[in-house]
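# Chains, contacts and geometry: an overview
Given next are the chains, with one letter for each unit.
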Amino acid sequence: MNTKQIKLVAIVFILGLFMGSCKNNSSTSKSSNGVEEIKGEEVAVLTDAPNVPPPITRDYATKMIVNLEVIEKEMEMMDGVKYNFWTFGGSVPGKFIRVRQGDFVEFHLKNNPSSKLPHNIDLHAVSGQGGGAAATFTAPGHETQFSFTALNSGLYIYHCATAPVGMHIANGMYGLILVEPKEGLPKVDKEFYVCQGDFYTKGNYGESGLQQFNMDKALKEQPDYVVFNGKVGALTGDKALKAKVGETVRLFVGNGGPNLVSSFHVIGDIFDNVYPEGGTTLNHNVQTTLVPAGGSAITEFKCDVPATLILVDHSIFRTFNKGSLGMLKVEGNEMKSIYSGQQDDRIYQAEGGAQTMPDEPVVAAKPLTKEEKITQGKAVYASTCQACHQADGKGIDGAFPPLLNSDYFASNPSLVTKTIIHGLSGKITVNGKAFDGVMPKQTLSDAQIASVATFVLNSFGNKGGEVSPADVAKQRK
Ligand SMILES: [Cu+2]
């Protein structure tokens, strides 16, 4: 062969390779712009938090029909505190949507006829104008439709983007959409949906009744409430998440904002895996992961030992004073080699005596009814007393006496307020069991003490009774 012939053979060979690769492409059913061929159609299963739709097992792209309804409705922000929420699907956060990468999503946004305002939706999973916002501007009693291909896998926030955008988000208009990668996510035993949000009300944290949105506090980014899944206590007590020792748990964590960035942390375990910001990168052995406003994270961990794991925003005043506290109860056999439990406890009193909390300004307020006191008292109990006396009032043997059916104050209810005001130490006997601990005096306002005492007297099987702020003031002397 001469050089001309060699060149010709080479060109033919390269052309052949090129055409072969084109053939390959068409045989995996991809069109020229990388969009997969769509087979069949499905109506997407949507779930309310903390539930997540089942994993997708399809190995092909389909047409996914999503029906989402906006509903404006009054719900509780905390026991006894009402708020007019605007929702995607009737709860906060909005319904969880799960599709597969490559799916062609036909999105229907409905706005319930009872709504007062128009709404729309911006899905961060959408490549297109406003994430769908412009196409879905929906008046009350209307339905709009648009479609998109889920090009990128990941965990995405969606939210309302109708002006004033901040206010629509602040009223609860956000949720998560998961675009599963084509090969799916690794299998785990439990999946949960947890979404943080900050709320701004006319009254301060815990002030009962129907609370209005407060634009001033929203502009200053000073929320009264920071909560998981739309309510203080949405994930505590009998609503706590549950898992068993040895199980693997995946949390789809979102942050609707509107303002705060979350330092998401689970007290009592370590994230084995984190997909930071809901993307594809995999990080390991993480204690606290940042979840931006309008962003997400996927965290995974194995439940190694029985414990009540506490989900928090580690900007910790938010957790103990504004509501961002959830629980995951892990049940099963103890593994003393991993975690021993307490091995010793003795009295240690540093110089200066019992610990106290800094003074808190006393807020003048109208007198509360007994029911209102019990409601407010329950909140004070949860943030102040529960850590020691436990949610069920049973206390902890040998350390914290029970308030449940306590015979210590049964014949003298004023001992409850006295104990809270002045603290208590030395040997006491409660329901036949001896205690010799120290209860620090609680620096609460007269009104707060009256409420929490009334709550204790009327809860945990105790005999009832009522305490007024004036009674507390008298006892302080
Ligand atoms: Cu809206």
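Since this is a predicted model, take the numbers as computed values, not measurements.

Rules and cut-offs
- Residues numbered from 1 in each chain as written.
- Predicted model: local features only at pLDDT ≥ 70, side-chain atom pairs only at ≥ 80, totals over all residues.
- Heavy atoms only, no water.
- Helix = DSSP H or I, 4+ residues; strand = E, 2+ residues; numbered from the N terminus.
- Buried < 20%, exposed > 50% of the residue type's maximum accessible area, 1.4 Å probe, protein only.
- Areas by Shrake-Rupley, 256 points an atom, 1.4 Å probe, with all protein chains shown as cover.
- Axes fitted to C-alpha atoms, helices over the stretch in contact; angles between N-to-C directions.
- Parallel < 35°, antiparallel > 145°, perpendicular 65-115°, else oblique.
- Contact = heavy atoms within 4.5 Å.
- Nonpolar A, V, L, I, M, F, W, Y, C, P; charged D, E, K, R; others polar.
- Donors = N, O, S within 2.8 Å, 3.2 Å for Na, K, Ca; no water.
- Tetrahedral: all angles 85-135°; square planar, octahedral: opposite > 155°, others 65-115°.
- Pairing = 2+ DSSP bridges.
- Phe/Tyr/Trp six-rings, centres within 6.5 Å; stacked < 30°, edge-to-face > 60°.

All right, on to the overall build of the protein chain then. Within the protein chain, the secondary structure is distributed over eight helices and 25 strands. Residue burial in the protein chain is summarised as follows: out of 477 residues, 45% are buried. Total accessible area computed for the protein chain in this model is approximately 24200 Å², and 55% of it derives from carbon and sulfur atoms.

Closest axis-to-axis distance for the helix α7 (residues 446–457)/helix α8 (residues 469–476) pair is 8 Å, and the angle between their directions is 110 degrees. The angle between the axes of α7 and α8 places the two elements in the roughly perpendicular class. Of α8, the residues touching α7 (which contributes D446, A447, I449 and A450) are P469, V472, A473 and R476. When its residues are assigned to classes, the contact of α7 with α8 shows six nonpolar, no polar and two charged.

The protein atoms donating to the copper ion are H119 (ND1), C160 (SG), H168 (ND1) and M173 (SD), with metal-donor distances spanning 2.0 to 2.5 Å. Note that the copper ion binds four donor atoms; their angles at the metal cover 89 to 137 degrees, and the shape is irregular. On the primary sequence, the residues serving as donors to the copper ion are separated as H-x40-C-x7-H-x4-M. Highlighted residues: C160 in the loop between β8 (154–159) and α2 (165–170) and M173 in the loop between α2 and β9 (174–180), separated in sequence by 13 residues. With respect to burial, C160 and M173 carry one shared label: buried.

Turning our attention to the sheet that holds strand β14 (residues 248–257). If you walk across this open sheet you meet the six strands as β12-β10-β14-β19-β16-β17, and the pairing is mixed. Only two strands of the sheet have a single partner each, and these edge strands are β12 (225–228) and β17 (283–286). With direction set aside, neighbouring strand axes in the sheet form an average angle of 25 degrees. Sheet topology note: the strand β10 (residues 190–199)/β12 ladder contains four bridges and is antiparallel. Paired with D198 across the bridge in β12 is V226.

Our next topic: the packing of aromatic side chains. What the rule picks out here adds up to 15 aromatic pairs. Between the aromatic rings of F96 and Y193, the centroid separation amounts to 4.9 Å while the plane-to-plane angle is 75 degrees, which identifies the pairing as edge-to-face. Taken as a pair, F96 in the loop between β3 (81–88) and β4 (97–100) and Y193 in strand β10 lie far apart in primary sequence, 97 residues in all. Note on accessibility: F96 and Y193 belong to one class, buried. For the ring pair F271 and F301, a centre distance of 6.0 Å and an interplane angle of 40 degrees mean the geometry is tilted. With F271 in strand β16 (residues 271–275) and F301 in strand β19 (residues 295–302), this residue pair connects regions lying 30 residues apart in the sequence. Residue classification places F271 among the buried residues on the basis of a relative accessible area of 1%.

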